[in-house]
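Single-letter residue listing:
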Amino acid sequence: MASPGGSPPLAEPAIAEDLELLDDLDWDDDVRLADVAVRGASLVGRTVRGVALSGVRLTGVQLTGCTFEGADLVDVVLDDCELSGVTLTGARLRRVVMRRCRMSGLVAAELHAEDVQVIDSKADEAWLRMSVLDRCAFADCDLTGSDWYRAKVAVTRFVGCRLDGSELSQATFDEVALHGSTLDGVRGAGSLRGLVIGSDQISDVALPLFAALSIRIEDDYLDS
């Protein structure tokens, strides 16, 4: 997937074709996994510190309500995984792809993400405060009500996403494209600088900005 502004495509995860298959997720603190595939396993409501995954593919894995402290994911693919209510404290993601994942209520404050792609996924009410995203892409995602307070987002695309009702106060954007995405009722629209939008989005972006700047549209003044 290409990045905005003519930048090179995002780096894809480097994953071997012949992966060892695991059928469970009995993870303890400081677990290290490399070059494995996990399918249909479940690890619900656990707290695990220091998880490190490299060259890993997760398919249909259930992680509802888990807390991962200091997680480090490099070259990882997640397909059809359940991550609702997951907490990622201080996580670092590099070359990660998430497809058709459910992440409602995800808490990922201070997340550091680079070359991360989130595709056709649901992440409504996600908490991404003070996160740092560089060279990332979201496509056809539901991010309704997500919180980006003081986030730093650079060279990133939101294509066909719902950002309605999101919190953008004090967030900074640099070469961020929003083509085909909606912004109804966003808060903190005064932070919307450095964006790239399509011509069909002018009114969608202008109205939140008018509200943030206390600009009213009232034709009645013409009659006074």
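The coordinates are above.
Now for a description of the structure that goes with this document. (Residues numbered from 1 in each chain as written. Predicted model: local features only at pLDDT ≥ 70, side-chain atom pairs only at ≥ 80, totals over all residues. Heavy atoms only, no water.)

**What about the overall build of the protein?**
Filter applied, for reference: Under the scheme used here, helices are H or I runs from DSSP no shorter than 4 residues and strands are E runs no shorter than 2 residues, and both carry numbers assigned from the N terminus. The classification of residues rests on relative accessible area computed with a 1.4 Å probe and restricted to protein chains. Under 20% of the type maximum is buried, over 50% is exposed, and intermediate values are partly exposed. Contact between two residues is taken to exist if any of their heavy atoms lie within 4.5 Å; hydrogens are not considered. Per-residue and other accessible areas were derived by the Shrake-Rupley procedure at a 1.4 Å probe size, with only the shown protein chains allowed to occlude residues.
When its secondary structure is counted, the protein shows one helix and 15 strands. Looking at the protein as a whole, 47% of its 224 residues are labelled buried. Taking all contacts inside the protein whose residues are at least 6 apart in sequence as the whole, residues at least 24 apart take part in 11%. In the structure as shown, the protein presents an accessible area of about 10,800 Å², 49% of it carried by carbon and sulfur atoms.

**Topic: the nonpolar core**
Defined as follows: Remark: nonpolar core denotes a set of buried residues (Ala, Val, Leu, Ile, Met, Phe, Trp, Tyr, Cys) joined through side-chain atoms within 4.5 Å.
Counting residues in hydrophobic clusters, the biggest one holds 58 residues, and the most contacted among them are W27, F68, W148 and F158. Those residues within four positions of W27 in sequence are excluded, and the remaining contacts are L33, L43, R46, V48, V51, L53 and F68. Membership of the second largest hydrophobic core comes to five residues, among which are I15, L19, A37 and V77.

**Observations concerning the pattern of salt bridges**
Here the idea is simple: oppositely charged side chains can pair when their charged atoms come close. Test applied: The term salt bridge refers to a pairing of a side-chain nitrogen on Lys or Arg with a carboxyl oxygen on Asp or Glu at a separation within 4 Å.
If you walk through the whole model with that rule in mind, you get 15 salt bridges. In this structure, R49 and E69 form a salt bridge, with 3.3 Å as the shortest nitrogen-oxygen distance. In this pair, R49 sits in strand 4 (residues 47–49) while E69 sits in strand 6 (residues 67–69), placing the two residues 20 residues apart along the sequence. On the accessibility criterion, R49 (41% relative accessible area) is partly exposed. A relative accessible area of 32% places E69 in the partly exposed class. Salt bridges sharing partners connect three or more residues here, namely D26, D28 and R46.

**Some words on the sheet that holds strand 4**
As a reminder of what qualifies: Note: two strands are recorded as paired if DSSP finds a minimum of 2 bridges between them. Fitted lines through C-alpha atoms serve as axes, helices being fitted only where they are in contact, and the angles separating the N-to-C directions of these axes extend from 0 to 180 degrees.
The parallel open sheet is built from three strands, whose spatial order is 4-6-8. With partners counted over all chains shown, the strands left at the sheet margins are strand 4 and strand 8 (87–89), one partner each. Neighbouring strand axes in the sheet, compared pairwise and without regard to direction, differ in orientation by 10 degrees on average. Alignment of strand 4 against strand 6, held across three bridges, turns out to be parallel. Across the sheet, T47 pairs through a bridge with T67, a residue of strand 6.

**Observations regarding the packing of aromatic side chains**
Describing an aromatic ring pair means giving the distance of the ring centres and the angle of the ring planes. Just so we agree on the cut-off: Think of it this way: a Phe, Tyr or Trp ring, Trp meaning its six-membered ring, pairs with another when their centres are within 6.5 Å, and the plane angle makes it stacked under 30 degrees, edge-to-face over 60, tilted otherwise.
One pass over the structure, following the stated rule, counts four aromatic pairs. Relative to W148, the ring of F138 has its centre 6.2 Å away and its plane inclined at 80 degrees; by these criteria the two rings are edge-to-face. With F138 in strand 12 (residues 137–139) and W148 in the loop between strand 12 and strand 13 (152–159), the pair connects residues that are 10 residues apart, well separated along the chain. Look at F138 and you get buried, because its relative accessible area is 9%. Taking the relative accessible area as the measure of exposure, W148 reaches 2% and is therefore buried.

**A look at the pairing of strand 5 (residues 52–59)**
Side-chain direction in a regular strand flips from residue to residue, so the side chains alternate between the two faces of the sheet. Pairing between strand 2 (residues 32–34) and strand 5: three bridges, direction parallel. The partner of L33 across the bridge, within strand 5, is L53. The pairing of strand 3 (residues 36–39) with strand 5 spans three bridges and is classified as parallel. Looking at strand 5, one finds that V38 is bridged to L58. Where strand 5 lies against strand 7 (residues 72–79), seven bridges are found, and the strand directions are parallel. Considered in strand 7, the bridge of L58 is made with L78.

**Digging into the environment of D79**
Operational definition: Within 3.5 Å is the distance limit for a polar contact, defined as a pair of N or O atoms, with the added protein rule that one can donate a hydrogen and the other accept it, and that residues adjacent in sequence qualify only through two side-chain atoms.
By secondary structure assignment, the location of D79 is in strand 7. A polar contact is formed between the side chain of D79 and the side chain of R99, at a distance of 3.1 Å.

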